[in-house]
There are 2 protein chains.
Amino acid sequence: MPQVRGARLEAAVLSATLAELADTGYAAFTMEGAARRAGVHKTTVYRRWADRETLISAALVANVAVSVPTPDTGSFEGDLRALASDLVAWLTSPVGGAVVRVMLTEAGRLPGVAAVKHALYEDRFARAGVVVGRAVERGEVGSSVSAPAVLRALVAPFYLRMLVTGEPLDEGVVEAAVAVVVCAVRAGVL
Amino acid sequence: MPQVRGARLEAAVLSATLAELADTGYAAFTMEGAARRAGVHKTTVYRRWADRETLISAALVANVAVSVPTPDTGSFEGDLRALASDLVAWLTSPVGGAVVRVMLTEAGRLPGVAAVKHALYEDRFARAGVVVGRAVERGEVGSSVSAPAVLRALVAPFYLRMLVTGEPLDEGVVEAAVAVVVCAVRAGVL
């Protein structure tokens, strides 16, 4: 089954690419390093991906395409907590942290990476839309609540800590963000 | 008055350094470019600053040391609005944007730049402390309100837009952030 072997090989190289990115950062990343880590010859890598930008974009697409189910806990607050916890778990994982940092460096301007970023944000906003829509249906929140505003308010504190202040992302951060969003939604300011 | 001339020359070079950084970004920045922009010979720059890291750190220190007065509008909401507007004005200015981007790239790990960053955050948290302290004295907010939590909640949306989503930072953003913080403080969740 050469096709299965090919798919497995590709998955191994893409996964090694993310691990390598997490270790070296975008500027110092090389295709040779990713090949070494995947245990394959570098020509095997060059045969499939023309250059490091193509390889990095493909690795990001593969990572981001793993679909995260939209939470459905039965309450608006529970769903927000699940959305926030998922994001914090991803941001604090070595691979997730690397993906975010690569997307936000100069690599974010590469067409392939910019498309991944766009798809990732679209997906996040869509999931927030489902969560808010269900809360409206249950009568928990008013129909004028803006799902994009809810999502931005929920995730902004995590990015602030990760990218600006360097403060840790722990469970207390999730609870604090959820509490602020719930209160702002109730007050009609989101 | 050679001392005054020296100080003026230094100020001109440091200001040109920030303008150059805003144009080229950190990676492509050169001392020659800064000298050219300041209209001085590059040896004049090298005589005062040993290398580009020293020059960049000095320029950031000079920019960040410009003391911003703590707002005192008479109300908690007014003071929050003033703090937020000041920050947004700085983030959206070419120089402020460049300073933030440099501090958050690999340059942020240089000892000089890390110290500037630390001083900048200390100053911001101190001003938030004064604003919250006055609001407590006026009886507008409870004494258990956390000034650092207030500041983080206030500024997080601006950095999210600037660094992550690339959405614009307009006046509506300031009003939305202030409304969320006021509501969270009243609800006792900050």
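Predicted model only: the values in this text are computed from it and were never measured.

1. Looking at the overall build of chain A
- When helices and strands are tallied, chain A shows nine helices and zero strands.
- Helices and strands in chain A line up, N terminus first, as α-α-α-α-α-α-α-α-α.
- For the C-alpha atoms alone, the extent of chain A along its principal axes is close to 60 × 40 × 25 Å.
- Long-range pairs, those at least 24 residues apart, make up 66% of the contacts in chain A with a sequence separation of at least 6.
- Just so you have it, chain A exposes about 8900 Å², and 56% of that area is on carbon and sulfur atoms.
- Each charge sign in chain A was given a centre, from 19 positive and 19 negative side chains, and these centres are 6 Å apart.

2. Describing the side chain of A:Arg124
Residue and element names in this part refer to chain A.
- For Arg124, the position within the fold is in helix α7 (residues 111-137).
- Buried charge Arg124 goes without a salt bridge, the closest partner of opposite sign being Asp123 at 6.1 Å.
- Every residue in contact with Arg124, bar those within four places of it in the chain, is listed here: Leu87, Trp90, Leu151 and Tyr159.

3. Things to note about helix α4 (residues 52-64) of chain B
- The terminal C-alpha atoms of α4(B), which comprises 13 residues, lie 18 Å apart, in line with the 18 Å expected from a rise of 1.5 Å per residue.
- Among all positions of α4(B), only B:Leu55, B:Ile56, B:Ser57, B:Ala59, B:Leu60, B:Asn63 and B:Val64 are buried.

4. Observations regarding the interface of chain A and chain B
- Tallying the contact residues gives 21 residues for chain A and 21 residues for chain B.
- Across the chain A to chain B interface the summed buried area is about 1800 Å²; carbon plus sulfur atoms make up 78%.
- If you look at where chain A meets chain B, you find two salt bridges.
- With a closest N to O distance of 2.8 Å, B:Glu167 and A:Arg152 form a salt bridge.
- Connecting chain A to chain B are four residue pairs in polar contact (both at pLDDT 80 or more).
- Secondary structure elements with two or more residues in the side of chain A that touches chain B: α7, α8 (147-165) and α9 (171-186) of chain A.
- Along the lines of polarity and charge, the residues of the side of chain A that touches chain B split into 16 nonpolar, one polar and four charged.

5. Regarding the pattern of salt bridges
All names here are of chain A.
- Here the structure, examined in full by the defined rule, presents 24 salt bridges over all chains.
- The shortest N-O distance in the salt bridge between Glu175 and Arg81 comes to 2.7 Å. Remark: Arg81 occurs in helix α5 (residues 76-92) and Glu175 occurs in helix α9; sequence separation between them is 94 residues.
- Arg81 gets classed as partly exposed once you look at its relative accessible area, which sits at 27%.

6. Points about the packing of aromatic side chains
- Applying the stated rule across the entire model yields zero aromatic pairs over all chains.
- Looking at A:Arg52, its charged tip hangs above the ring of A:Tyr26, at a distance of 4.5 Å from the centre.

7. Re the relation of the copies chain A and chain B
- When chain A is fitted onto chain B, the two copies agree to an RMSD of 0.0 Å after a turn of 180° and an axial shift of 0.0 Å. A rotation of that kind, with that shift, is consistent with a two-fold axis. For chain A, the minimum C-alpha distance to the rotation axis belongs to A:Ala156 and amounts to 2.6 Å.
- When the interface residues of chain A are mapped onto chain B, 100% of them again fall at the interface, so both copies present the same face.

Rules and cut-offs
- Residues numbered from 1 in each chain as written.
- Chains lettered and ligands numbered in written order.
- Predicted model: local features only at pLDDT ≥ 70, side-chain atom pairs only at ≥ 80, totals over all residues.
- Heavy atoms only, no water.
- Helix = DSSP H or I, 4+ residues; strand = E, 2+ residues; numbered from the N terminus.
- Contact = heavy atoms within 4.5 Å.
- Areas by Shrake-Rupley, 256 points an atom, 1.4 Å probe, with all protein chains shown as cover.
- Lys, Arg positive; Asp, Glu negative; His and termini not counted.
- Charge placed at Lys NZ, Arg CZ, Asp CG, Glu CD.
- Buried < 20%, exposed > 50% of the residue type's maximum accessible area, 1.4 Å probe, protein only.
- Salt bridge = Lys/Arg side-chain N within 4 Å of Asp/Glu carboxyl O.
- Expected span 1.5 Å × (residues − 1).
- Buried area = accessible area lost by both parts, 1.4 Å probe.
- Polar contact = N/O pair within 3.5 Å; in protein donor to acceptor, adjacent residues only side chain to side chain.
- Nonpolar A, V, L, I, M, F, W, Y, C, P; charged D, E, K, R; others polar.
- Phe/Tyr/Trp six-rings, centres within 6.5 Å; stacked < 30°, edge-to-face > 60°.
- Lys NZ or Arg CZ within 6 Å of the ring centre and 35° of its normal.
- Least-squares fit on C-alpha atoms with pLDDT ≥ 70 in both.

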